[in-house]
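For reference, the chains in residue letters:
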Amino acid sequence: GGGCQLPAEWRPLSEGCRAELAAIIVYARVLALHPDPYGAYNYLPWQRDPPAGPQQGAGGLFYSAEIELLCDQAWGSMLEVPAGSRLNLTGLGYFSCHSHTVMQGYAYFFFLRMDENYILLPHGVNFQEAIFPDTQENRRMFASLFQFSNCSQAQHVLSFSSDWEIQEDNRLMCSSVQKALFEEEDRVKKLQQKVATLEKRNKQLRDRVKKVKRSLRQARKNTRHMEQMNRKLSEKLSSAGGQIPYINSLKQENSHGTYLKV
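Quick caveat: nothing in here was measured; it's all calculated off a predicted structure.

Q: Give a description of the overall build of the protein that names residues and reports values.
A: Within the protein one finds 3 helices and 7 strands. Each helix and strand of the protein, placed in order from N terminus to C terminus, yields the pattern α-β-β-β-β-β-β-β-α-α. When each of the 262 residues of the protein is scored for burial, the buried share is 29%. Sequence-distant contacts in the protein: of pairs separated by 6 or more residues, those separated by 24 or more amount to 68%. As presented, the protein carries roughly 18300 Å² of accessible surface, and 54% of it is formed by carbon and sulfur atoms.

Q: Account for the pairing of strand β2 (residues 62-69), with residues named and values stated.
A: Here β2 lies mainly inside the structure; 6 of its 8 residues are buried. Where β2 lies against strand β3 (residues 86-94), 6 bridges are found, and the strand directions are antiparallel. Looking at the pairing, A65 lines up with L89 of β3.

Q: Mind laying out the pattern of salt bridges, listing which residues take part and the relevant values?
A: Taken as a whole, this structure holds 4 salt bridges when the rule is applied. As a salt-bridge pair, D134 and R139 come within 2.7 Å of each other at their nearest N and O atoms. Of the residues examined, R139 reaches a relative accessible area of 12% and is grouped as buried. Between K203 and D207 there is a salt bridge, with its nearest N and O atoms 3.4 Å apart. Residue K203 and its partner D207 are located together in helix α3 (residues 164-261), separated by 4 residues, close to a single helical turn. Relative accessible area serves as the criterion here: at 46%, K203 is assigned to the partly exposed category. By relative accessible area, D207 is classed as partly exposed at 30%.

Q: So what's going on with the nonpolar core? Which residues, and what values?
A: Ranked by size, the top nonpolar core spans 36 residues in total, and within it V102, F110 and F111 carry the most contacts. Listing elements by their share of this core, those giving two or more residues are α1 (15-21), β1 (24-35), β2, β3, β5 (107-114) and β7 (131-133).

Q: So what about the environment of Y108? Which residues, and what values?
A: In this fold, Y108 is placed in strand β5. Non-local contacts of Y108, meaning those with residues more than four positions away in its chain, are made with V26, Y27, A28, V30, V102, M103, I131, F132, P133 and D134. Reaching out from Y108, the side chain makes a polar contact with the backbone nitrogen of M103 at a distance of 2.9 Å.

Q: Could you give an account of the confidence of the model for the protein, naming the residues involved and the relevant values?
A: Keep in mind that low pLDDT regions are not for reading the predicted coordinates in detail. Looking at the protein, the pLDDT average stands at 77 and 66% of residues meet or exceed 70. For the protein, the element scoring lowest by mean pLDDT is α3, at 76; β7 scores highest, at 95. Here residues 50-58 is a poorly scored stretch, pLDDT under 50, and it has 11 contacts once near neighbours within four places are set aside; other chains count. Across residues 258-262, confidence stays below pLDDT 50; counting only partners more than four residues off in sequence or on other chains, it has 0 contacts.

Q: Could you give an account of the packing of aromatic side chains, with specific residues and numbers?
A: Taken as a whole and judged by the stated rule, the model has 7 aromatic pairs. A centroid spacing of 4.7 Å and a plane angle of 25° characterise the contact between F109 and F142, whose relative ring orientation is stacked. You can see F109 sitting in strand β5 and its partner F142 sitting in helix α2 (residues 136-145), a full 33 residues away along the chain. In this pair, the class of F109 matches that of F142, namely buried. Through pairs of rings, three or more aromatic residues link up here, namely Y27, F109, F111, F132 and F142.

The rules behind each value
Residues numbered from 1 in each chain as written. Predicted model: local features only at pLDDT ≥ 70, side-chain atom pairs only at ≥ 80, totals over all residues. Heavy atoms only, no water. Helix = DSSP H or I, 4+ residues; strand = E, 2+ residues; numbered from the N terminus. Buried < 20%, exposed > 50% of the residue type's maximum accessible area, 1.4 Å probe, protein only. Contact = heavy atoms within 4.5 Å. Areas by Shrake-Rupley, 256 points an atom, 1.4 Å probe, with all protein chains shown as cover. Pairing = 2+ DSSP bridges. Salt bridge = Lys/Arg side-chain N within 4 Å of Asp/Glu carboxyl O. Core = buried A, V, L, I, M, F, W, Y, C linked by side-chain atoms within 4.5 Å. Polar contact = N/O pair within 3.5 Å; in protein donor to acceptor, adjacent residues only side chain to side chain. pLDDT = per-residue confidence, 0-100. Phe/Tyr/Trp six-rings, centres within 6.5 Å; stacked < 30°, edge-to-face > 60°.

Right, dumping it as structure tokens:
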């Protein structure tokens, strides 16, 4: 439940404002869906450790999609591939706090981002929706905000006129929000790094404590063994000490008898 809570200062943003913050926006058709194994982007909160098999634990909840771009990506996007390109998109499925779902054969507008390994993932800007179905309303919204080019003739994304004044107003309104979001993302990233460092140090400390406890148990065991040895040695010395006067008297008698005989 804690993982599903939004930040205390969270406020919803319009699609136009979020579109300005999205790293990549594409208009594409889903060609095929493929089940995804358990991975860095596909797990539920209670699945901290990888399951036994590659498909165990996911239960068919996670999948990737092969998509084909119907237009060039939106202006300002970080992805430089032309219309007709085919890409693989992962991080789809039914998660505990959100869902990124698509259906084969349908077209969508995607907010995407690329991780450090060049893997494409949905970009849920401001913890909101990252995938939009191909509807007239969404076509109008995205055509007015972004200038798509080189679309196939079967598509009519550019049939809507752009209202540049509204677009410019949206940019001015989103600039402060954009700055705040980037600062928040940077703060969260730094906190995550600190948490990872602290977890690593905590693990090292736990390992050290285990070693100290193990050494302490061994030292106690050695101490008990030495005490037992000392006790046995003391008992032997005590029993040997009681026999010493008797041995001395025997030696004296034997020495005296020999003397008289001579």
